[in-house]
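Residue-level structure breakdown
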Amino acid sequence: MLGVGSLTLPFAKRTLANGLDVIVHEDHHVPIVAVNIWYHVGSKDEQPGRTGFAHLFEHLMFEGSEHHDAGFFPPVQQAGGVLNGSTNTDRTNYWEVVPTSAVDLALWMESDRMGYLLPAVTLERFETQRHVVLNERRQNYENRPYGFASMAMAAALFPEDHPYSWLTIGSSDDIRAMRLEDVQAFFRTYYHPANASLTLAGDIETERAFDLAERYFGELPRGPRPAPVRRTADLANEARLVLEDRVEMPRVYMAWLSPAMFGEGDAEMDLLADLLANGKTSRLYRTLVYERRVALDVSAYQNSRELAGFFLLVATAAPGGSLTDIAAVIDAALQRLIEAGPSESEMERARAQAEAHFMYRLQTVGGFGGKSDQLNAYNVLHGDPGFFSADLSRYREATTASVRAAAVRFLGVDRRVILSVVPRGQRELALSGSQPVSVA
Amino acid sequence: MRADRSRLPDVGPDPTFRFPRIARHTLGNGLQVRTVEHHTVPVVTLVVQVDAGVVADPPGREGLAAITADMGDEGTGSLSAIEVSEGLARIGAAYEVDVGADATHFSLTTLSRFAERGAALLADILVRPSLRAGDLDRVRQMRLDRLRQLKDLPPVVAERAFLRLMYGEHPYGHLSIGSAAALGALALDDVAAFHAARFRPSRTTITVVGPLSHGGLLQLADGAFSGWSEPLVPIDVQGPREVGSQDDPTSQHRLAIVRRDGAPQSQIRIGHLSARRDTPDYPALLVMNAVLGGQFVSRINLKLREEKGYTYGARSGFDWRRGIAPFSVQASVHTASTADAISDCLAELDGIRGSRPPSEREMSLAKASLTRGYPRGFETAQQVARSVAQLALFELPDTYFEEFVPRVHAVEAADVVRVAERYVDPARAVTLVVGDHQAVAESLQPLGLGEPQLLPSVV
């Protein structure tokens, strides 16, 4: 058995006078340093009618800042680095992975856009990025099979005033209606040291990393911490919906509200997703795809976020298989789990997989999901960058009883959303009683 | 000390980096083994390269290489497909199959303490697949259904049509999944014969990377694969015919369209057959592509995305293979901007051939990002194993990694113009559009590309 000691993610953390959290992790295997910043702002901070703003704003962060009034890609690439950013419901992250020789450059640039973005935001840049984002939406949602399903599910799971009821990409109408003036208030509210977390991971000594963080970010003024967003959601019954799309095969999406990130039962729901529908060893793959061949694929996902979570099951019908058959098999599998829970053998397998996946997460310092991103995730969403080992323990300590209890509590067949996505003009392929929804 | 914001900070001298040392070994059965010590986290990766890529698909059997590879984990010896997956899951293994143009790579990553079990499972999958009729029927049906679904995925539709436009009936001209007609006609005997002819130790290379000594890594491969004996079936030396040269366009048309009525974007490919991976011009082609379209800051993306807002992103590149490779520009653009985007791309292809040679700044940026960022690709066992497997695929020397940076630095702006003139030619390029034909047809006419060839969404 592997020692627990090797499955840790060591770090040091300090908070600057202006409220910026700085976290450092040393890893000297490759002469690169990952610089990663999380701003605690995402589409959860948007209002109905203004959806998609946090993400469009992220695009502007790459177009220049006061002291480097030009694109952010060339200097970083000239130094041999890579950079990117992303926005989700809860946070916006930005990162560079640079050779050790270019740490100063990355920190200079990140601090310049944190402190001095606005003078570089012009109407022309804003308009261009508006079009880029509209094209991102066309590419990833509108021109992609089943691309509207996630929008329909979000809108059905959460009430209209809950920010999880829209996707981070936002609605096209809202994106078209955004104004340059909105950028300024948004920047002042959310983009400042007290609402951010900076991690440096890689080939750098801890003290030098803290010194550099102070040098580049110490001068930036603290802003007011935004008030936490609080919204609740509740599903009282089963909603059945149908959406027509340019697809060959009907597909069913089933979702339940579930624990928020790191909440009680969150890890159990994650384990349930695996044992129900992920990989060839899962219960539903075996029944639906391997034995009865009524489905082409099946997958499940515990989508846990800061304010709430939802558990999503998706299966695509095989020719000759109906969504009604698939839903019946799923319901029977859920019923068995609720009555008897998983087997000890399934739990053993799940624990082995969890341990391996935590180990794989220790392989890269930067980028999406690298060690720097994980430290910031734990710091921003859990208040403790040192949560890595405890996070793994949540999975190690889950039992057949705790997994069954989570299934009983969260996977009731009488409070969920079921969406049938069917080929255009073939609404009769949906589950019975489904109401048409339209998404644009 | 406060930051000086009057200028960007200087970047220090490039840090030294020791590229992985590769040790080569040959097992008693002729199997080639390459080992690399990688001492970071306790994770081991094995990559097995089998001489069974798409190019090995016989005419009328398109999809055979891929379905044979897929049958590996559908049951081995007395184990069922589910039991094989169970074995992989119990060691937390990440198992992947990549059916490439010239070879198929089977890779497995697991925790070091499970490395022996992982290697044994991989050997079972490769050497002792059950190849049962019932499993073949199930896998075949899933692939046929997948083909139907791919009709709705514009990037895949474009890739299929573009390869066919480039290579015609040559096996490079189809995706690994093949065609419905060929899949439907495959018999279990075809799969068994293909496996017997192509899966043999004398034509297989295994790369093993992990936190063990070269001897320990070799032992992993030897323990699992030394019992694999060379099949009695003679080696199928009859490869496919050589593909046409770069000057030999396989399509008579310069514009091709796959209709997707009502599509909000057009999926575009612009390109032609261009160069072989073994050309001495390879480093110059990399720099040329970095200037033109290989990166975010390249000309094509800056024009189409950052200046015009036509797209979420546009890029160009070579789809390298042992034979001649296509060079192409790829983008998904707003339907209303289709003709303008194509026109801009063609202008960029033309410009780099001499009317707008790369500036000093562009050369510096292209070379810096290719060389200074190079060590980043050697962080994980999986990255190292894949890089070393690429050397095996293209028969490159073990010193390749160390030599890469100086070779790129030696490229001059004049070399970029020279290779652009030789290997990139807008006049020869085929432009493919997967999109709303009716909406774009009229705007395409002034481009002077002639009458479009209309292609079905499935070829």
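What you see is a predicted model; the values in this text were computed from it and never measured.

1. Focus: the overall build of chain B
- Each helix and strand counted, chain B has 16 helices and 14 strands in total.
- For chain B, whose C-alpha radius of gyration is 24 Å, the value lies close to the compact-globule estimate of 23 Å for 459 residues.
- Put simply, chain B has 459 residues, and 51% of those count as buried.
- Sequence-distant contacts in chain B: of pairs separated by 6 or more residues, those separated by 24 or more amount to 81%.

2. Some points on the overall build of chain A
- A count of helical and extended segments in chain A gives 15 helices and 12 strands.
- Taken against the 2.2 N^0.38 rule, which gives 22 Å for 440 residues, the C-alpha radius of gyration of chain A at 23 Å falls within 12% of a compact globule.
- C-alpha extents for chain A along the principal axes are approximately 60 × 55 × 35 Å.
- With 440 residues in all, chain A has 54% of them scored as buried.

3. So, unusual backbone geometry
All names here are of chain A.
- In this structure, tyrosine 146 takes a positive phi of about 60° despite not being glycine.
- In this fold, tyrosine 146 is placed in the loop between α4 (123–142) and α5 (149–157).
- Given 20 C-beta atoms within 10 Å, tyrosine 146 falls into the buried group.
- Non-glycine residue arginine 293 carries a positive phi angle of around 55°.

4. Comments concerning the environment of proline 436 of chain A
Residue and element names in this part refer to chain A.
- Tracing the backbone shows proline 436 in strand β12 (residues 435–436).
- Take proline 436: there are 10 C-beta atoms within 10 Å of it, and that puts it in the exposed class.
- For the pair proline 436 and leucine 419, spaced 17 residues apart in sequence, the C-alpha separation works out to 9.4 Å.

5. A few points about the sheet that holds strand β7 (residues 104–111) of chain B
Residue and element names in this part refer to chain B.
- Spatially, the 6 strands line up as an open sheet ordered β1-β2-β8-β3-β7-β6, and their pairing is mixed. Among the strands making up the open sheet, the edge pair consists of β1 (23–26) and β6 (94–99). Each neighbouring strand pair of the sheet contributes to a mean axis angle of 15°, computed without reference to strand direction.
- By the bridge criterion, 6 bridges tie strand β2 (residues 32–37) to strand β8 (residues 204–210) in an arrangement that is parallel.

6. Some details on the interface of chain A and chain B
- Tallying the contact residues gives 65 residues for chain A and 62 residues for chain B.
- Elements represented by at least two residues in the side of chain A that touches chain B include exactly α2 (73–78), β5 (92–99), α3 (103–115), α4, α8 (206–217), α10 (283–291) and α12 (344–360) of chain A.
- A class-by-class count of the residues in the side of chain A that touches chain B yields 28 nonpolar, 23 polar and 14 charged.

7. Observations concerning the sheet that holds strand β10 (residues 309–317) of chain A
All names here are of chain A.
- Sheet architecture is open: 6 strands sit in the order β9-β10-β8-β11-β7-β12, paired in mixed fashion. Of all strands in the sheet, those with a lone pairing partner are β9 (295–304) and β12, marking the two edges.
- Sheet topology note: the strand β8 (residues 251–258)/strand β11 (residues 417–423) ladder contains 5 bridges and is antiparallel. Following the sheet pairing, alanine 255 is matched in β11 by valine 417.

8. Focus: the domain arrangement of chain A
Residues and elements named next belong to chain A.
- For chain A, the domain assignment lists domain 1 (10–217) and domain 2 (239–436).
- If you average the C-alpha positions of domain 1 and of domain 2, the two centres end up 28 Å apart.
- Secondary structure elements with two or more residues in the side of domain 1 that touches domain 2: β2 (21–26), β3 (32–39), β5, α5 and β6 (196–202).
- Here the residues of the side of domain 1 that touches domain 2 sort into 17 nonpolar, 9 polar and 6 charged.

9. Here's the deal with the pairing of strand β1 (residues 12–15) of chain A
All names here are of chain A.
- Here 4 bridges tie β1 to β2, and the two strands are oriented antiparallel to one another. The residue bridging alanine 12 from the neighbouring strand is valine 24, located in β2.
- Count of turn residues in the β1/β2 antiparallel hairpin: 5 residues, of which glycine 19 carries a positive phi of about 95°.

10. Here's the deal with the domain arrangement of chain B
Residues and elements named next belong to chain B.
- Partitioning chain B into structural domains gives domain 1 (23–225) and domain 2 (255–455).
- The set of elements that each furnish at least two residues to the side of domain 1 that touches domain 2 consists of β2, β3 (43–50), β7, α5 (154–167) and β8.
- The element that contributes the greatest number of residues to the side of domain 1 that touches domain 2 is α5, accounting for 8 residues.

11. Side note on the pairing of β6 of chain A
Residue and element names in this part refer to chain A.
- Most of β6 sits inside the fold, with 7 of its 7 residues counted as buried.
- Alternating residues of β6 divide into Ala196, Leu198, Leu200 and Gly202 and Ser197, Thr199 and Ala201, and every residue in both groups is buried.
- Sheet topology places β2 next to β6; 6 bridges connect them, and they run parallel. Across the sheet, isoleucine 23 pairs through a bridge with threonine 199, a residue of β6.
- Here β3 pairs with β6 via 7 bridges, running antiparallel. Of the residues in β6, the one forming a bridge with tryptophan 38 is serine 197.

12. Overview of helix α9 (residues 282–292) of chain B
- Here α9 of chain B lies mainly inside the structure; 10 of its 11 residues are buried.
- Within the span of α9 of chain B, buried status applies to Pro283, Ala284, Leu285, Leu286, Val287, Met288, Asn289, Ala290, Val291 and Leu292 of chain B.

13. Describing the confidence of the model for chain B
- Mean pLDDT over chain B: 94, with 97% of residues reaching 70 or higher.
- What the predictor reports for the complex is a pTM of 0.96 with an ipTM of 0.94.

14. Considerations on the environment of histidine 25 of chain B
Residues and elements named next belong to chain B.
- Position of histidine 25 relative to the elements: it lies in strand β1.
- With 17 C-beta atoms counted inside 10 Å, the residue histidine 25 sits in the partly exposed group.
- A C-alpha to C-alpha distance of 8.1 Å links histidine 25 and threonine 35, two positions 10 residues apart in sequence.
- Excluding anything up to four places from it in sequence, histidine 25 contacts Val33, Thr35 and Leu218.

15. Some details on the confidence of the model for chain A
- Per-chain confidence: chain A averages 96 in pLDDT, with 99% of residues scoring 70 or above.
- Counting interchain partners and residues more than four positions distant, the pLDDT-below-50 stretch residues 1–5 of chain A has 4 contacts.

About the criteria used
- The numbering scheme is per chain: residues are counted from 1 as the chain's sequence reads.
- Both sets of labels track the order of writing: A upward for chains, 1 upward for ligands.
- Local features in a predicted model are, by the rule used here, given only for residues with pLDDT of at least 70; side-chain atom pairs are given and counted only at 80 or more, and totals for whole chains, interfaces and linings are based on all residues.
- By definition, any uninterrupted DSSP run of H or I lasting at least four residues is a helix, any uninterrupted run of E lasting at least two residues is a strand, and each is numbered from the N terminus.
- Values of the radius of gyration come from C-alpha atoms, whereas the globule rule sets the reference at 2.2 Å times the count of residues to the power 0.38.
- Each residue is classified by how many other C-beta atoms fall within 10 Å of its C-beta atom, where C-beta atoms are placed from the backbone; a count of 20 or more means buried, 12 or fewer means exposed, and values in between mean partly exposed.
- Working definition of a contact: two residues with C-beta atoms, positioned from the backbone, lying within 7 Å.
- Pairing between strands requires that DSSP locate at least two bridges from one strand to the other.
- Orientation is described by axes fitted as lines to C-alpha atoms, over the contacting stretch for helices, and by angles from 0 to 180 degrees between their N-to-C directions.
- Under the convention adopted here, Pro, Cys and the residues Ala, Val, Leu, Ile, Met, Phe, Trp and Tyr are nonpolar, Asp, Glu, Lys and Arg are charged, and Gly plus all remaining residues are polar.
- Those domain boundaries reflect an automatic or database domain assignment.
- What pLDDT conveys is the predictor's confidence in a given residue, as a value from 0 to 100.

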